[in-house]
Amino acid sequence: MMGDFFLAPTLTGIISLILRHTFKPLNNNRLSHLCGPTDEHLRSIEAALDIRIAHRHEQFKIEGPKAKAQRGMDMVQALYEMAAKPISAATVQLMLSGDGSADEGEGPSLATRRADLKPRSKNQALYLDNIAEHDITFGIGPAGTGKTYLAVAAAVDALQRSAVQRIILTRPAVEAGERLGFLPGDLNQKVDPYLRPLYDALYDLMGYDQVHKAFEKQQLEIAPLGFMRGRTLNNAFVILDEAQNTTPEQMKMFLTRIGFGAKAVITGDLTQIDLPKTQLSGLVDAERVLRRVSGIAITHLTSADIVRHPLVARVVDAYDAARLNELPAIAIPEEESELPRVGLPKTRTPGRRSLVKP
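Residues numbered from 1 in each chain as written. Predicted model: local features only at pLDDT ≥ 70, side-chain atom pairs only at ≥ 80, totals over all residues. Heavy atoms only, no water.

Participant: What exactly am I supposed to notice about the overall build of the chain here?
Facilitator: From N to C terminus, the chain includes 11 helices and 10 strands. Across the chain, every contact between residues at least 6 apart in sequence was considered, and the portion connecting residues at least 24 apart equals 65%. (Helix = DSSP H or I, 4+ residues; strand = E, 2+ residues; numbered from the N terminus. Contact = heavy atoms within 4.5 Å.)

What follows is the structure, encoded as structure tokens:
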């Protein structure tokens, strides 16, 4: 393999880098897997990095801002090394969500059914490290950053290693514009849709049969947050999901349930609070109150850590930018005119006339 490059100034003053690379010896199978069906993988890289990729057989040319062009070339070369077999679109998207390499984050290995499970970014690796090293960990970030999934994976790993005796998953039963009472069935059937994402993660990480065996052995428990009151959770891995929809009182209640040999992970997205506008979020309050408490770790994930479709990160960024633009300007109060210094101070008592003569 060989390559070269040169710099080309643009009218905007931004240096555009043109990189050229030739893959030798020619291997049409690898090139086909690298490019994807109708160059799908190359188009995904172009759209995500805002660069241009052109190729003729084994000769590739990448043009764009210096850092992005270099990252695009690194990705093309990394994909070529992986191209002994077909490459899925999901693999390309996951690489784009990280730092452009096949091994985005170095974190602890987890014993789950998913052999390929690993952190996809440095923040995700930090998140897993914090879970391993702290008894209480907060994971705060937008949708798609793996907050809940990685927490469940860490819990399954702890159960497999017998580090804990059971896993407890909980969520506040707060509706996003709907009413719980309109759903059919008894209480468990009403609450079940709110806990479905937790079931999905368990099925993916443990398998359907193992999940049901764990429920029968009481190694797994999924319940609404209100059911946690009055309990002491010893030797358990406890996950509070959607914590942005707790009140400060509920958050304090949950955190004080932690017993000996227990570990707790609290996840939430501060941009998706479904509480009444006058109600302070327990997650916001906890982040402020507990940020300097020893033994508690707070990990912030961003749109750069999103491991879903690349459009999800752009959607999150667009909404964040719109929200910032809609914030009201800080009103600066006008200076009050100085009260007249003639006679008594200018005060008014309800129901009485002013004592100060005009």
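The rest of the description comes next.
Participant: When you look at the packing of helix α1 (residues 28–35) against helix α3 (residues 66–82) in this model, what are you seeing that I'm missing?
Facilitator: The geometry of a pair of packed helices is captured by two quantities: the angle between their axes and the separation between those axes. Where α1 meets α3, the axes come as close as 9 Å, and the angle between the chain directions of the two elements is 125 degrees. When the axes of α1 and α3 are compared, the pair comes out oblique. Regarding α1 and α3, the two cross each other, and that crossing is right-handed. Of the residues in α3, those in contact with Arg 30, Leu 31 and Leu 34 of α1 are Val 76, Leu 79, Tyr 80, Glu 81 and Met 82. (Axes fitted to C-alpha atoms, helices over the stretch in contact; angles between N-to-C directions. Parallel < 35°, antiparallel > 145°, perpendicular 65-115°, else oblique. Left-handed = near helix turned anticlockwise from the far one by under 90°.)

Participant: How should the nonpolar core be read in this particular structure?
Facilitator: Inside soluble globular proteins, nonpolar side chains tend to come together where they are buried. Grouped together as the largest cluster of nonpolar side chains are 31 residues, with contacts concentrated most on Val 152, Leu 169, Leu 202, Phe 237 and Ile 239. Elements supplying a minimum of two residues to this core: α5 (122–133), α6 (147–160), β6 (166–171), α7 (187–206), α8 (208–216), β7 (220–224) and β8 (236–240). The dominant element in this core, judged by the number of residues it contributes, is α6, at nine residues. Look past the residues within four positions of Leu 202 in its chain and what remains in contact with it is Val 152, Val 156, Leu 169, Gly 207, Val 211, Leu 220 and Ile 222. Residues Ile 45, Met 73, Ala 78 and Val 92 belong to the second largest nonpolar core, which totals 25 residues. (Core = buried A, V, L, I, M, F, W, Y, C linked by side-chain atoms within 4.5 Å. Buried < 20%, exposed > 50% of the residue type's maximum accessible area, 1.4 Å probe, protein only.)

Participant: Any chance you could explain the sheet that holds strand β9 (residues 263–268) here in plain terms?
Facilitator: Note: strands within a sheet are paired through backbone hydrogen bonds, in either parallel or antiparallel orientation. In spatial order, the strands read β7-β6-β8-β9-β5-β10; together these six strands make up an open sheet with parallel pairing. Both edges of this open sheet fall to β7 and β10 (296–300), since each of them pairs with a single strand only. Ignoring which end each strand starts from, the neighbouring axes of this sheet average 15 degrees apart. Where β8 lies against β9, four bridges are found, and the strand directions are parallel. By the bridge assignment, Leu 240 is partnered in β9 with Ile 266. (Pairing = 2+ DSSP bridges.)

Participant: Just checking my understanding: could you explain the packing of aromatic side chains for this structure?
Facilitator: The way to describe two aromatic rings as a pair is by their centre distance and the angle between their planes. In this structure the tally under the stated criterion is five aromatic pairs. Ring geometry for Tyr 199 against Tyr 203: centres 6.3 Å apart, planes inclined by 35 degrees, an arrangement best described as tilted. Remark: Tyr 203 and Tyr 199 occur in helix α7; sequence separation between them is four residues, near one turn of the helix. Across the ring face of Tyr 80, the terminal group of Arg 30 is positioned such that the distance to the ring centre comes to 5.7 Å. (Phe/Tyr/Trp six-rings, centres within 6.5 Å; stacked < 30°, edge-to-face > 60°. Lys NZ or Arg CZ within 6 Å of the ring centre and 35° of its normal.)

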